[in-house]
Amino acid sequence: RWPAALALLRSLPGRSVEPGVIAFSATISALEGEGRWAEALWLFQEALERRLAPSIIMYNATMSALEKGVQWQRALDWLGSLRRGAHGLSPTDVSFNAALLACLSAGAWGQAFRLLADMRGSSFEPDRGTSSRLIGVCEQHSLLQREVALVRSIAVRALG
């Protein structure tokens, strides 16, 4: 799917159509679905070079590509830039969930639980999928009771 999306994006200027944020976001989403994080970063940068103002959808799609590519440190960096107001944007629940899933995928438990605490302090909660994954990680890795209790309390709200 992503090769076709990238080819279409590349063909637009030849058709006298300049690709905009929506076209870049859709292509990054296609790359994200395949875990092609390096290409997603490259495409995000290309959009900036074309002086396009990225949307939160484009940002979150790139962060999700980082999550699927187990690039947890980069995902946290991107979340940090959103929290500092990069491009006039603020993080959403999708932003936090992508960074949290990236940490979980990489086995960066300490970072995951720090981010979970940050989420709660920022009035964001993990979604259902993230909550289920957190519970599974706690059970699989016999994490401390404190972390298990925290995850279960959040999961009750998310799944309830």
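Here, every reference points to the structure presented above.
In this report, the structure presented in the accompanying data block is examined. The structure displayed is predicted, hence computed values, not measured ones. (Residues numbered from 1 in each chain as written. Predicted model: local features only at pLDDT ≥ 70, side-chain atom pairs only at ≥ 80, totals over all residues. Heavy atoms only, no water.)

### With respect to the overall build of the protein
Looking only at helices and strands, one finds 9 helices and 0 strands in the protein. Scored against the burial criterion, the 160 residues of the protein give a buried share of 43%. Of the contacts formed within the protein by residues at least 6 apart in sequence, a portion of 62% connects residues at least 24 apart. In the form shown here, the protein has an accessible surface area of approximately 8100 Å², with 54% of it arising from carbon and sulfur atoms. (Helix = DSSP H or I, 4+ residues; strand = E, 2+ residues; numbered from the N terminus. Buried < 20%, exposed > 50% of the residue type's maximum accessible area, 1.4 Å probe, protein only. Contact = heavy atoms within 4.5 Å. Areas by Shrake-Rupley, 256 points an atom, 1.4 Å probe, with all protein chains shown as cover.)

### Topic: unusual backbone geometry
One non-glycine residue, R51, adopts positive backbone phi at about 65°. Counting through the fold element by element, R51 comes out in the loop between α3 (37–49) and α4 (56–68). Residue V70 is not a glycine yet carries a positive backbone phi of 55°. For V70, a relative accessible area of 36% puts it in the partly exposed group.

### Brief notes about the packing of aromatic side chains
Per the counting criterion, the structure on display carries 4 aromatic pairs. The interplanar angle of 85° and the centroid separation of 5.1 Å between the aromatic rings of F44 and Y59 together place this pair among those described as edge-to-face. Residue F44 is found in helix α3, and its partner Y59 is found in helix α4; the two are separated by 15 residues along the sequence. Owing to a relative accessible area of 4%, Y59 belongs among the buried residues under this scheme. Both rings, one in F96 and one in F124, keep their centres 4.8 Å apart while their planes meet at 35°; by these two values the pair is tilted. Here F96, found in helix α6 (residues 93–106), pairs with F124, found in the loop between α7 (109–121) and α8 (128–140); they are 28 residues apart in sequence, far enough to count as distant. For F96, a relative accessible area of 0% translates into the label buried. (Phe/Tyr/Trp six-rings, centres within 6.5 Å; stacked < 30°, edge-to-face > 60°.)

### Points about the nonpolar core
Within the largest apolar cluster, 37 residues are counted, with the highest numbers of intra-cluster contacts made by I28, M58, Y59, M63, L100 and L104. Elements supplying a minimum of two residues to this core: α2 (21–33), α3, α4, α5 (72–83), α6, α7 and α8. It is α6 that provides the largest number of residues to this core, a total of 8 residues. (Core = buried A, V, L, I, M, F, W, Y, C linked by side-chain atoms within 4.5 Å.)

### Here we look at the pattern of salt bridges
In the structure shown here, the tally under the stated rule is 5 salt bridges. Measuring nitrogen to oxygen at the nearest pair gives 2.6 Å for the salt bridge that ties R36 to E39. You can call R36 partly exposed: its relative accessible area is 29%. A salt bridge links E46 to R50, with the nearest nitrogen and oxygen atoms 3.2 Å apart. By relative accessible area, which is 32% here, R50 ends up partly exposed. Residues joined in a network through salt bridges with shared partners are E32, E67 and K68. (Salt bridge = Lys/Arg side-chain N within 4 Å of Asp/Glu carboxyl O.)

### Observations regarding the packing of α2 against α3
Viewed as axis vectors pointing N to C, α2 and α3 meet at an angle of 170°, and their least axial separation amounts to 9 Å. Compared by their axis directions, α2 and α3 come out roughly antiparallel. From α2, F24, T27, I28 and L31 reach across to α3, where they touch E39, A40, L43, F44, E46 and A47. (Axes fitted to C-alpha atoms, helices over the stretch in contact; angles between N-to-C directions. Parallel < 35°, antiparallel > 145°, perpendicular 65-115°, else oblique.)

By themselves these figures say nothing about function.
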